[in-house]
Amino acid sequence: TIDADMRGRPMTAPTAGAVISPTNSRAAILGLLGGQGVRSVVMVEEELSDSAVLGTLRDLMRAGVRVYAVLPPSVPAPARVTRCSSSAYPHAKVILTFGDRQPLGVFIGSQNLSRASLDDNREIGVIEPGLAVAAAGVMRSDIPSACWPT
């Protein structure tokens, strides 16, 4: 990625599951959120302003998907999103999707959910379903039970 950046060339994601901004992060994150069987989403984000992500979250909630978010106090939570903390200032960027109480997928990376982070900046993350259970275990201990899928 550094070589591509230095030469001003686009970069191809090196492996399946790699989430590289600006190469494929938008499509990868929207694909995770809109995955088959998603019943709830738990996210920890520093920013939440990208119009496509917000639109996808609205569509999910209209379809009955519950969305829980840990956001900094300065970031407004979209309507019907359950804010999990009003005083935390998260720097982590994690999105967990759940089916019927079981973790389905996880995104862990440096991408904020903003247009600049997804489309302009060089950011790196991973979507790896095999890490979902472990990530859920860590997040479960950090997030209030009222903000966890039941």
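The structure this text deals with has already been given above.
This one's a predicted model, so the numbers in the text were calculated from it and none came from an experiment.

Visitor: What is the right way to look at the overall build of the protein in this model?
Guide: Across its full length, the protein holds five helices and seven strands. Once local pairs closer than 6 in sequence are excluded, the contacts in the protein between residues at least 24 apart make up 62%. With the model as given, the accessible surface of the protein reaches about 7,600 Å², and the carbon-plus-sulfur share is 54%.

Visitor: For this particular structure, what's the right way to read the side chain of Glu-45?
Guide: One can find Glu-45 in the loop between strand 2 (40–44) and helix 3 (51–62). Buried and unpaired, Glu-45 has Lys-93 as its nearest opposite-charge partner, separated by 6.8 Å. If sequence neighbours within four positions are ignored, Glu-45 has contacts with Val-70, Leu-71, Pro-72, Pro-90, Ala-92, Lys-93, Val-94, Ile-95, Gln-111, Asn-112 and Leu-113.

Visitor: It is not clear to me how the sheet that holds strand 4 (residues 82–85) should be interpreted in this structure. Could you clarify?
Guide: Through backbone hydrogen bonds, the strands of a sheet pair up, either in parallel or in antiparallel fashion. The seven strands are arranged 1-7-6-5-2-3-4 in an open sheet whose pairing can be described as mixed. Where the open sheet ends on each side, the last strands, each with one partner, are strand 1 (18–21) and strand 4. The mean inter-strand angle of the sheet, taken between neighbouring strand axes irrespective of direction, is 15°. Packing against the sheet, helix 5 (residues 132–142) makes contact with strand 2, strand 5 (94–98) and strand 6 (103–109), and its axis sits at approximately 75° to strand 6.

Visitor: I'm lost on the pairing of strand 3 (residues 66–70) in this one. Help?
Guide: In summary, the side chains of a regular strand alternate between the two faces of the sheet. Across the five residues of strand 3, four count as buried, placing the element largely inside the fold. Two strands pair when backbone bridges link them, and strand 2 and strand 3 are joined in this way by five bridges, in the parallel orientation. Residue Met-43 lies in a different strand from strand 3, and its bridge partner there is Ala-69. In this fold, the crossover linking strand 2 to strand 3 by way of helix 3 has right-handed handedness.

Visitor: For this particular structure, what's the right way to read helix 2 (residues 25–33)?
Guide: Note: α-helices contain 3.6 residues per turn, so residues at a spacing of three or four share the same orientation. Within the sequence span of helix 2, burial applies to Ser-25, Ala-28, Ile-29, Leu-32 and Leu-33. For helix 2, the arc enclosing every buried residue in end-on projection is 135°, short of the 170-degree limit, so these residues lie on one face.

Visitor: In this structure, what is going on with the packing of aromatic side chains? I would like to understand it.
Guide: Think of a pair of aromatic rings as described by two things: how far the centres are apart, and how the planes are tilted against each other in angle. Across all of its chains, the model carries one aromatic pair by this definition. Where Phe-98 meets Trp-148, the ring centres are 5.4 Å apart and the plane angle is 75°; that geometry is what we call edge-to-face. With Phe-98 in strand 5 and Trp-148 in the segment after helix 5, the pair connects residues that are 50 residues apart, well separated along the chain. For the residue pair Phe-98 and Trp-148, the accessibility class agrees, reading buried in each case.

Visitor: Would you mind showing me how to read the pattern of salt bridges here?
Guide: Overall, the coordinates contain six salt bridges when judged by the stated rule. Between Arg-26 and Asp-119 there is a salt bridge, and its shortest N-O distance comes to 2.7 Å. One end of the pair, Arg-26, is in helix 2; the other, Asp-119, is in helix 4 (residues 115–119), and 93 residues separate them in sequence. A salt bridge links Arg-62 to Asp-59; the shortest N-O distance between them is 2.8 Å. A residue pair is termed a helical-turn pair when its members lie 3 or 4 positions apart in one helix, as Arg-62 and Asp-59 do in helix 3 at three residues.

Visitor: When you look at the nonpolar core in this model, what are you seeing that I'm missing?
Guide: Looking at soluble globular proteins, one finds that nonpolar side chains tend to be buried together. In this structure, Leu-33, Val-41, Met-43, Leu-48, Leu-57 and Ile-95 are the most contacted members of the largest nonpolar core, which totals 25 residues. For this core, the secondary-structure elements that each account for two or more residues are helix 2, strand 2, helix 3 and strand 3. For this core, the leading source of residues is helix 3, giving five residues. In this view, Leu-33 contacts Val-38, Val-41, Val-53, Thr-56, Leu-57, Leu-60, Ile-95 and Thr-97; residues no more than four positions away in its chain are not counted.

Conventions and cut-offs
Residues numbered from 1 in each chain as written. Predicted model: local features only at pLDDT ≥ 70, side-chain atom pairs only at ≥ 80, totals over all residues. Heavy atoms only, no water. Helix = DSSP H or I, 4+ residues; strand = E, 2+ residues; numbered from the N terminus. Contact = heavy atoms within 4.5 Å. Areas by Shrake-Rupley, 256 points an atom, 1.4 Å probe, with all protein chains shown as cover. Buried < 20%, exposed > 50% of the residue type's maximum accessible area, 1.4 Å probe, protein only. Lys, Arg positive; Asp, Glu negative; His and termini not counted. Salt bridge = Lys/Arg side-chain N within 4 Å of Asp/Glu carboxyl O. Pairing = 2+ DSSP bridges. Axes fitted to C-alpha atoms, helices over the stretch in contact; angles between N-to-C directions. Right-handed = clockwise from strand over helix to strand, strands pointing away. Arc of directions from axis to C-beta. Phe/Tyr/Trp six-rings, centres within 6.5 Å; stacked < 30°, edge-to-face > 60°. Core = buried A, V, L, I, M, F, W, Y, C linked by side-chain atoms within 4.5 Å.

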